[in-house]
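Each chain, letter by letter, is given below.
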Amino acid sequence: MDKADIVEVLEEIAVLLELKGENPFKIRAYQAGARALETLEGDLDALIEAGDLGSVKGIGAALVDKIERLRATGELKFYDELRDSVAPGLIEMLTVPGLGGKKVKRLHDELGVDTLAGLKQACEQGQVAALKGFGKKSEEKILSGIEHREAYAQRHLWWKARAVAAPILAGLRQLEAVERAEAAGSLRRLKETVGDLDFIVASDDPDAVMEWFTSREEVREVTAKGSTKSSVRFESGLQADLRVVPAAQFAFALHHFTGSKEHNVAMRQRALARGYSLSEWGVVLRDEGGDLRPESGGGKAESVSGEQGAESRGRTAKIQETIRTEKDLFAFLDLPEIPPELREGMGELELREIPELVSVDQIQGVFHNHTTASDGRASIGEMAAAAEALGWHYLGLADHSQASFQAKGLDDERVLRQVGEIKAFNASGESSVRIFAGIECDILKDGSLDLEDATLEGLDYAVMSVHSSFGLSEAEMTARVIKAIEHPATTMLGHPTGRLLLRREPYKIDLLKVIDAAIANRVIIEINANPNRLDMDWRHWRRAADKGLMCAINPDAHRIEGLRHFEAGVNIARKGGLGPEQVLNCRDLAGVEQWFRER
Ligand code: DGT
Ligand code: CA
Ligand code: CA
Ligand code: ZN
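Residues numbered from 1 in each chain as written. Chains lettered and ligands numbered in written order. Predicted model: local features only at pLDDT ≥ 70, side-chain atom pairs only at ≥ 80, totals over all residues. Heavy atoms only, no water.

Caption draft 1: The arrangement of the domain arrangement of the protein chain in detail. Considered domain by domain, the protein chain is made up of domain 1 (3-152), domain 2 (157-245), domain 3 (263-350) and domain 4 (360-598). Measuring from the centre of the C-alpha atoms in domain 2 to the corresponding centre in domain 4 gives 36 Å. Tallying the contact residues gives 9 residues for domain 2 and 16 residues for domain 4. Approximately 1,100 Å² of surface area, both sides summed, lies buried where domain 2 meets domain 4, with 65% of it carried by carbon and sulfur atoms. The largest contributions to the domain 2 side of the interface with domain 4 come from Leu 157, Trp 159 and Glu 192, which together make up 59% of the buried area. Applying the counting rule to domain 2 against domain 4 returns 2 salt bridges. One salt bridge connects Glu 192 with Arg 539, and the closest N-O pair in it is separated by 3.0 Å. On the surface where domain 2 and domain 4 come into contact, there are 3 residue pairs in polar contact (both at pLDDT 80 or more). The greatest single-element share of the side of domain 2 that touches domain 4, amounting to 3 residues, is contributed by helix H10 (residues 158-174). For the side of domain 2 that touches domain 4, the class distribution of residues is 4 nonpolar, 1 polar and 4 charged. (Domains from an automatic or database assignment. Contact = heavy atoms within 4.5 Å. Buried area = accessible area lost by both parts, 1.4 Å probe. Salt bridge = Lys/Arg side-chain N within 4 Å of Asp/Glu carboxyl O. Polar contact = N/O pair within 3.5 Å; in protein donor to acceptor, adjacent residues only side chain to side chain. Helix = DSSP H or I, 4+ residues; strand = E, 2+ residues; numbered from the N terminus. Nonpolar A, V, L, I, M, F, W, Y, C, P; charged D, E, K, R; others polar.)

Here is the structure:
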């Protein structure tokens, strides 16, 4: 376990001890230990080796052994037993914003609640507001926290859903019985969150496919098993539907179950206007009144009598035969092949041609990443090596500024020192990747910046972000961010709404005004590609792209593995309709240097 993970365990132990009402000195020992370890300058392994961990101020004797164990094995019996000794409902309550160990303990002791449902009921009955130190406002906040949490629990991050879907799709494609297999639904449309997975398979041996699908090791529960459709639920709560169709229906089924619903409605209307009815089973001439549903045995089409019926049935069969792919289907309705990520029923059927969308292989580097100087876990050299392995030509580092003290943010002096280190690194020839010296500078409550102008001028570029005072009014927050955008040192605006998908709602801000200010000041807005953020949202990019706003895809990596998240950012850029011209990451090194210089 690395240092930062150990810090998290110590912090969690402190919260659990609070929850159990343990001795405050003991609790403080873990909090102090976590702080001491977090700010430790020297090498942890060397300290352990030399037996000197206990001499670090803040790390008491009781913690030395625990830290060493976590470092060596990643496990700690004391921690596991502590977690097991607390009711799971109480641990869940800790995930409600504003509830820490002490408060959860009081709710438990004084109201007897030990589940989220119980807490919700207590809020609804006004019992929480009546508790000393809570009040009406905090009751409302807890209640809305629980309600958001319930809604959140029904969806999953795209990144996690893809990780579950990928091996299933690969497995399906290897089955002998499977002719074609695709993932459909919101996953295929690259939505930021996914409700459930949808797989479409072409096969004439559905039972073999269903048997394989429902007997996967990762399946926790089979909720339906038939020869056309099966559904399963995985450990994480994520569910998946699998539909098996004959090869002749594959394109129709894939298109239908890719959705979105709104897109399907528009497609059906377009088909109707041309005299056809379109469904997941195929397309039929309307005057035939046909129905291709398999369980209806050919349906009403069967009941059409006489020569005319036979003739139109023949024509329908011919159309059906010529449509083997989605591209054929779109062409049949005189449409270009609309990529799944644009199928949201937001006017995509009016497109006469599909604009070029940015793609993963066009990305030449990324800009907003952290190192061990603030809260990242890799050094400059390690990050550069990882970027080189990804085939990139440049990498922007942007550690936190001082106001983000919990992230060990840099003050002016440390920023300038880091600039020196980056210059030396670039000069050393250690890596073919050029490192850009940047900062993720806090936008303070009044819109001023967290570092001196002279410091900001010494950087290649600067990302400005809001990390505090989320509760401002919309007007105040908008003015605050626009003030930062107007500062001459600002190159990019970081995660413009502060949302954490399925965890925290965006703060109030008028993005239309922010977008206009960014364009007027030639400031870039990032797509924060961390799968938890994906901020700015693609819905806003659709409009912003038309107005000419420039974008940067920023993984906000805190470890080398995090750089990979840039792919999630590319997805959102595509969904937002952005082409390579509007994405700074698609420029070569000279192009990026020029942009920074001109800004
Ligand atoms: P999700 O799972 O909530 O993230 O979103 P989707 O889009 O994957 O929705 P899902 O799984 O309920 O259904 C997959 C697709 O099937 C959906 O995008 C469109 C199609 N579909 C499902 N139900 C309906 C419906 O009632 N009408 C129409 N037109 N299409 C539907
Ligand atoms: Ca779905
Ligand atoms: Ca579904
Ligand atoms: Zn940030």
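Now that the structure has been shown, the text picks up again.
Caption draft 2: Summary view of the coordination of the calcium ion (ligand 3). Looking at the calcium ion (ligand 3), one finds its protein donor set to be Asp 196 (OD), Asp 196 (OD), Asp 198 (OD) and Asp 241 (OD), positioned 2.3 to 2.7 Å from the metal centre. The motif formed by the donor residues of the calcium ion (ligand 3), counted along the single chain, is D-x1-D-x42-D. Separating the calcium ion (ligand 3) from the calcium ion (ligand 2) is a gap of 3.7 Å, which Asp 196 spans by donating to each of them. Of the two residues, Asp 198 is situated in strand S4 (residues 196-202) and Asp 241 in strand S7 (residues 239-245); the sequence distance between them amounts to 43 residues. For Asp 198, a relative accessible area of 12% translates into the label buried. A relative accessible area of 12% means that Asp 241 is categorised as buried. (Donors = N, O, S within 2.8 Å, 3.2 Å for Na, K, Ca; no water. Buried < 20%, exposed > 50% of the residue type's maximum accessible area, 1.4 Å probe, protein only.)

Caption draft 3: The arrangement of the site of ligand 1 in detail. Taken together, the neighbourhood of ligand 1 is formed by 16 residues, with Arg 155, Ser 186, Arg 189, Gly 195 and Asp 196 sitting nearest. Measuring from an oxygen atom of ligand 1, one finds a side-chain N or O atom of Ser 186 at 2.5 Å. At 2.7 Å, a backbone N or O of Gly 195 approaches an oxygen atom of ligand 1. Taken by itself ligand 1 offers 600 Å² of open surface, and the protein chains cover 69% of this. Elements with a contribution of two residues or more to the shell around ligand 1: helix H11 (185-188), S4, helix H13 (250-258) and helix H14 (261-273). Per-class residue counts for the shell around ligand 1 are 2 nonpolar, 8 polar and 6 charged. (Near = heavy atom within 4 Å. Areas by Shrake-Rupley, 256 points an atom, 1.4 Å probe, with all protein chains shown as cover.)

Caption draft 4: Focus on the packing of aromatic side chains. Considering all chains together, one arrives at 12 aromatic pairs under this definition. Grouped by ring-pair contacts, the aromatic residues Phe 367, Tyr 394, Phe 436, Tyr 461 and Phe 596 constitute a single cluster. One Lys or Arg, Arg 216, reaches over the ring of Trp 212 and ends 4.1 Å from the middle of that ring. Over the ring of Trp 595 we find Arg 522; its NZ or CZ atom is 4.0 Å from the centre of that ring. (Phe/Tyr/Trp six-rings, centres within 6.5 Å; stacked < 30°, edge-to-face > 60°. Lys NZ or Arg CZ within 6 Å of the ring centre and 35° of its normal.)

Caption draft 5: Molecular detail of a negative patch on the surface. Among the surface-exposed residues, Glu 179, Asp 204, Asp 205 and Asp 207 lie close enough to one another that they form a single negatively charged patch. On the secondary structure map, Asp 205 appears in the loop between S4 and helix H12 (206-214). (Patch = residues over 30% accessible without salt bridge, like charges linked within 9 Å, V, L, I, M, F, W, Y side chains within 5 Å. Lys, Arg positive; Asp, Glu negative; His and termini not counted. Charge placed at Lys NZ, Arg CZ, Asp CG, Glu CD.)

Caption draft 6: Quick look at the environment of Phe 250. Residue position: Phe 250 is located in helix H13. Residues Phe 250 and Glu 280, 30 residues apart in the sequence, show an inter-C-alpha distance of 8.8 Å.

Caption draft 7: Focus on the coordination of the calcium ion (ligand 2). Taken together, the protein ligands of the calcium ion (ligand 2) are Asp 196 (O), Asp 196 (OD) and Asp 198 (OD), with distances of 2.2 to 2.5 Å. Given 6 donor atoms and angles of 71 to 169 degrees at the metal, the environment of the calcium ion (ligand 2) is assigned as irregular. (Tetrahedral: all angles 85-135°; square planar, octahedral: opposite > 155°, others 65-115°.)

Caption draft 8: Unusual backbone geometry, seen in detail. With an omega of -5 degrees, the peptide bond running from Gly 259 to Ser 260 counts as cis. Assignment of secondary structure puts Ser 260 in the loop between H13 and H14. Notably, Ser 469 is not glycine yet its phi reads approximately 45 degrees, a positive angle. If you trace the backbone, Ser 469 turns up in the loop between strand S13 (463-465) and helix H21 (474-485).

Caption draft 9: How the structure looks around the sheet that holds strand S15 (residues 524-528). An order of S10-S11-S12-S13-S14-S15-S16 is seen for the 7 strands of this open sheet, with the pairing classed as parallel. Looking at the sheet topology across the chains shown, the edges are occupied by strand S10 (365-366) and strand S16 (551-554). Judged from the 2 bridges that link them, S13 and strand S14 (residues 492-493) form a sheet pairing that is parallel. What sits directly across from Met 464, in S14, is Leu 493. Against the sheet, helix H18 (residues 380-389) contacts strand S11 (394-400) and strand S12 (434-442), and its axis sits at roughly 145 degrees relative to S11. (Pairing = 2+ DSSP bridges. Axes fitted to C-alpha atoms, helices over the stretch in contact; angles between N-to-C directions.)

Caption draft 10: Expanded view of H13. Most of H13 sits out of view: 8 of its 9 residues are buried. For H13, the full list of buried residues reads Phe 250, Ala 251, Phe 252, Ala 253, Leu 254, His 255, Phe 257 and Thr 258. In the segment just after H13, Gly 259 is the residue with positive phi, at about 70 degrees.

Caption draft 11: Up close: the pairing of strand S5 (residues 219-225). Sheet analysis places S5 next to strand S6 (residues 229-234), joined by 5 bridges and oriented antiparallel. Paired with Glu 221 across the bridge in S6 is Arg 233. Following S5, the chain reverses through 3 residues before pairing antiparallel with S6.

Caption draft 12: Layout of the environment of Asp 546. Inspection of the secondary structure assignment puts Asp 546 in helix H23 (residues 538-547). Judged by relative accessible area, which is 71%, Asp 546 ranks as exposed. A C-alpha to C-alpha distance of 8.9 Å links Asp 546 and Leu 578, two positions 32 residues apart in sequence.

Caption draft 13: Here's a closer look at the packing of helix H1 (residues 3-19) against helix H5 (residues 77-84). Running from N to C, H1 and H5 point in directions that differ by 40 degrees, and their axes come no closer than 10 Å. When the axes of H1 and H5 are compared, the pair comes out oblique. Pair H1 / H5 crosses with left-handed handedness. Residues Val 9, Glu 12, Ile 13, Leu 16 and Leu 17 of H1 pack against Phe 78, Tyr 79, Leu 82 and Arg 83 of H5. (Parallel < 35°, antiparallel > 145°, perpendicular 65-115°, else oblique. Left-handed = near helix turned anticlockwise from the far one by under 90°.)

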